[in-house]
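A closer look at the structure
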Amino acid sequence: MMKERAMEAAGQFALPGPQSGLTFITPLLRFLVTLCLAMSLMLFMERLYMALVIVFVKLFGKKAEERYKWEAIGNDDVEAGSSAYPMVLVQIPMHNEKEVYKLSIAAACGLSWPSDRVIVQVLDDSTDPVVMDLIKRECERWADKGANIKYETREDRVGFKAGSLKKGMKHSYVKQCEYVAIFDADFQPESDFLVRTIPFLVHNSEIALVQARWTFVNADECLLTRMQEISLNYHFIVEQEAGSSTYAFFGFNGTAGVWRISALNDAGGWKGRTTVEDMDLAVRASLQGWKFVYVSDLKVKSELPSTYNAYCHQQHRWSCGPANLFRKTALEIATSNRVSFWEKLYLIYSFFFVRKIVAHIVTFTFYCLVLPATVLFPEVVVPKWGAVYLPAMVTILNAVTTPRSFHLVFFWVLFENVMSMLRTKATIMGLLEAGEVNEWVVTQKLGDALKDKLGDNVLETRPVKIASSFSNRLNLKAVNLWELVMGCYLFICGCYDFSHGRNHFFAFLFLQAIAFFIAGFGYIGTFFHKSKN
């Protein structure tokens, strides 16, 4: 009798069943589970394929200098002097880069290359006249030291970064240059950057691009930057290396790379039709038959966005842009007669569809929507291999590239699930070419964020005085509504699973809900506050 009463009481809290007119939900949920499992398998197989490529390269492969002809410039022709070196243009696009402009200009002017064979071109798109004056004076200061440096501006920001780079290539002095190196304002190449990259282009006429790896000067600044380091290390160590080693193709990262100018022009030059002008150029150059080289041991220092708002803007651009580019180039890739069938398959399926579309959509749809919903409908069963084993293996394949942060993998999973909502929204925008598809917000750079004090604003990093700083976050400008809605949804599903469920997903659901709440209140990364001193 007591058991029957307990079951009756539990039934009062159960969700409405099929008898209440929700008969369509169960088959719909089953279909979504099947679809998500299929996408998860696609993602896992792609990760496994790239992992096997990297293992093969590490065990049996050759370094880029061994796969292609590489000889130091000028060693065989001492009498020729500096004329043995090709003319190189170094472009540094900027937009209100007050905190980092000195670092990038100094690094570019310090490159080991004959001063009469290199032109440093600072492309200033700043809208702040004070910042423009500072950058111009810095260029003049280096010019007085003997650097061949040009300070260029334009009247508008049409095309954003692509428009700036395109305008920079139109100056008359650029015609004498054979190659162009590009560095964003927060990048600091080592002095031997040109010495190590230009020989690939000089001695191999089929190579259009040489790409270096990014390293991060502020990776230890806060948990947000540590999470980014895990993701970007995987991108450079696995994705870029695998693309370079198999099909001599990968997405240009927009900075820390050197282009053959004739190849850049052959591909149609810079275009501002998407927010990923770098990837757009790489795809078009690849379709013209050009090859790319990734040099994994050539590292360039850069800065990670350490504020949540800046990171969100960056991720919107990096997710929306590739999806929109896929929409615009898929047919062009499929009908190209300059690349093989396997290269087309790699570009369309692996590079674009799985990595740029499926990866974002399945992460959010499966782990943040469908899987939590199955606890409310126990008749919908998610196999353990799909709910646990497959994502665990994908996570491990990502995490092994950053062994020092392996203990943070669980936090990285929760964080990536949170970010997957923004990325999925941006991906859909790109595919449909709707909403803010061409929104371009320059990623905020903070310079040496742990040491510099900008005016009377003192930079703080997490953790700080939690009670006071958390209360400061509770304002309308800091609140991210949809993250809070997702947190509530996951918390409700977790409560139901804890009380009535049989899947035992509640621990994951509660932790994921907390992650969404933290993001919802904006309590991630670094922030500025007024010092009381």
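Given the structure is predicted, the values throughout are model-derived calculations rather than measurements.

1. Focus on the overall build of the protein
Tallying secondary structure elements over the protein gives 17 helices and 9 strands in all. Split into buried and exposed, the 533 residues of the protein put 53% on the buried side.

2. With respect to the nonpolar core
Counting residues in each nonpolar core, the largest one holds 140 residues, and the members touching the most others are Val-90, Ile-105, Phe-193, Leu-194, Trp-259, Phe-292 and Phe-366. Ranked by residue count, the leading element in this core is helix H12 (residues 341-374), at 17 residues. Beyond its immediate chain neighbours, meaning those up to four positions away, Phe-193 contacts Leu-111, Ala-181, Phe-183, Ala-212, Ala-256, Gly-257, Val-258, Leu-298 and Val-300.

3. Some thoughts on the environment of Leu-298
For Leu-298, the location among the structural elements is in strand S7 (residues 291-302). Between the alpha carbons of Leu-298 and Asp-192 there is a distance of 9.3 Å; along the sequence they are 106 residues apart. When neighbours within four sequence positions are excluded, Leu-298 is seen to be in contact with Phe-193, Arg-196, Thr-197, Ala-212 and Arg-213.

4. So, the sheet that holds strand S2 (residues 118-124)
Pairing between sheet strands relies on hydrogen bonds along the backbone, with the strands arranged either parallel or antiparallel. Judged by pairing direction, the sheet is mixed, and its 7 strands sit side by side in the order S3-S2-S1-S4-S6-S5-S7 without closing on themselves. The open sheet terminates on both sides in strands that have one partner only, identified here as strand S3 (149-153) and S7. Across the sheet, the axes of successive neighbouring strands diverge by a mean angle of 20 degrees, strand direction being ignored. Relative to strand S6 (residues 257-260), strand S5 (residues 207-216) runs antiparallel, the two sharing 3 bridges. In the sheet register, Leu-209 faces S6, and the bridge partner there is Trp-259. Taken strand by strand, helix H4 (residues 101-109) contacts strand S1 (88-94), S2 and S3, and its axis lies near 180 degrees from that of S1.

5. Here we look at the packing of H12 against helix H16 (residues 481-500)
Packing of H12 against H16 brings their axes to within 9 Å, and their N-to-C directions diverge by 40 degrees. Comparing the axis directions of H12 and H16 gives the class oblique. Crossing handedness for the pair H12 and H16: left-handed. Across the interface between the two elements, Phe-364, Cys-368, Leu-369, Pro-372 and Ala-373 from H12 touch Met-486, Tyr-489, Leu-490 and Cys-493 from H16. The class makeup of the residues in the contact of H12 with H16 is 9 nonpolar, no polar and no charged.

6. Side note on a nonpolar patch on the surface
On the surface, Leu-41, Trp-385, Val-388, Tyr-389 and Met-393 cluster together into a nonpolar patch covering about 450 Å² of accessible area. In terms of residue count, the dominant contributor to the nonpolar patch is helix H13 (residues 384-399) (4 residues). Mapped onto the elements of the fold, Leu-41 is located in helix H2 (residues 25-60).

7. Here's the deal with the UniProt feature "transmembrane region" (unreviewed entry) in the protein
The feature "transmembrane region" (unreviewed entry), as given by UniProt, occupies residues 31-60, 357-377, 389-415, 481-499 and 505-528 in the numbering adopted here. The straight-line gap between the two end C-alpha atoms of residues 31-60 is 43 Å; of that span, 100% is helix and 0% is strand. Taken end to end, residues 389-415 has its terminal C-alpha atoms 19 Å apart, with 67% of it in helix and 0% in strand.

8. A look at the packing of H4 against helix H5 (residues 129-144)
The geometry of H4 relative to H5 is characterised by a closest axis approach of 10 Å and an angle of 25 degrees between their N-to-C directions. Between H4 and H5, the angle falls in the class roughly parallel. H4 and H5 meet at a crossing whose hand is right-handed. Along the contact surface, H4 presents Tyr-101, Lys-102, Ile-105, Ala-106 and Cys-109, while H5 presents Leu-134, Ile-135, Glu-138, Cys-139 and Trp-142. Broken down by class, the residue content of the contact of H4 with H5 amounts to 8 nonpolar, no polar and 2 charged.

9. Overview of the packing of aromatic side chains
Two aromatic rings are characterised by how far apart their centres lie and by the angle between their planes. The full count for this structure, using the stated rule, is 23 aromatic pairs. With a centroid separation of 5.8 Å and 25 degrees between ring planes, the pair formed by Tyr-311 and Phe-415 is classed as stacked. Separated by 104 residues along the polypeptide, Tyr-311 in helix H11 (residues 308-335) and Phe-415 in helix H14 (residues 409-432) bring together distant segments of the chain. Judged on exposure class, the residue Tyr-311 and its partner Phe-415 are both buried. Taken together, a centroid distance of 5.6 Å and an interplanar angle of 45 degrees make the contact between Phe-491 and Phe-510 tilted. With Phe-491 in helix H16 and Phe-510 in helix H17 (residues 506-520), this residue pair connects regions lying 19 residues apart in the sequence. Sitting over the ring of Trp-142, Lys-145 keeps its end group 4.3 Å from the ring centre. Geometry around Phe-351 places Lys-356 over its ring, the cationic atom sitting 5.0 Å from the centre.

10. Here we look at H12
In this model H12 runs just 41 Å from its N-terminal to its C-terminal C-alpha over 34 residues, more than 12% under the 50 Å that 1.5 Å per residue would give. Helix geometry: H12 is bent most strongly at Phe-353, by close to 50 degrees.

11. Considering the pattern of salt bridges
Taken as a whole and assessed by the stated rule, the structure comprises 17 salt bridges. Between Arg-355 and Glu-46 there is a salt bridge whose closest N-O contact spans 3.1 Å. Placement of Arg-355 in helix H12 and of Glu-46 in helix H2 is noted, with a sequence separation of 309 residues between them. Both residues of the pair, Arg-355 and Glu-46, count as buried. Here the residues in one salt-bridge network are Lys-63, Glu-65, Arg-196 and Asp-297, joined through shared partners.

Reading guide: rules and limits
Residues numbered from 1 in each chain as written. Predicted model: local features only at pLDDT ≥ 70, side-chain atom pairs only at ≥ 80, totals over all residues. Heavy atoms only, no water. Helix = DSSP H or I, 4+ residues; strand = E, 2+ residues; numbered from the N terminus. Buried < 20%, exposed > 50% of the residue type's maximum accessible area, 1.4 Å probe, protein only. Core = buried A, V, L, I, M, F, W, Y, C linked by side-chain atoms within 4.5 Å. Contact = heavy atoms within 4.5 Å. Pairing = 2+ DSSP bridges. Axes fitted to C-alpha atoms, helices over the stretch in contact; angles between N-to-C directions. Parallel < 35°, antiparallel > 145°, perpendicular 65-115°, else oblique. Left-handed = near helix turned anticlockwise from the far one by under 90°. Nonpolar A, V, L, I, M, F, W, Y, C, P; charged D, E, K, R; others polar. Patch = residues over 30% accessible without salt bridge, like charges linked within 9 Å, V, L, I, M, F, W, Y side chains within 5 Å. Areas by Shrake-Rupley, 256 points an atom, 1.4 Å probe, with all protein chains shown as cover. Salt bridge = Lys/Arg side-chain N within 4 Å of Asp/Glu carboxyl O. UniProt positions renumbered as here; feature names shortened; annotations may be inferred. Phe/Tyr/Trp six-rings, centres within 6.5 Å; stacked < 30°, edge-to-face > 60°. Lys NZ or Arg CZ within 6 Å of the ring centre and 35° of its normal. Expected span 1.5 Å × (residues − 1). Bend = angle between axes of the 7 residues up to and from the residue.

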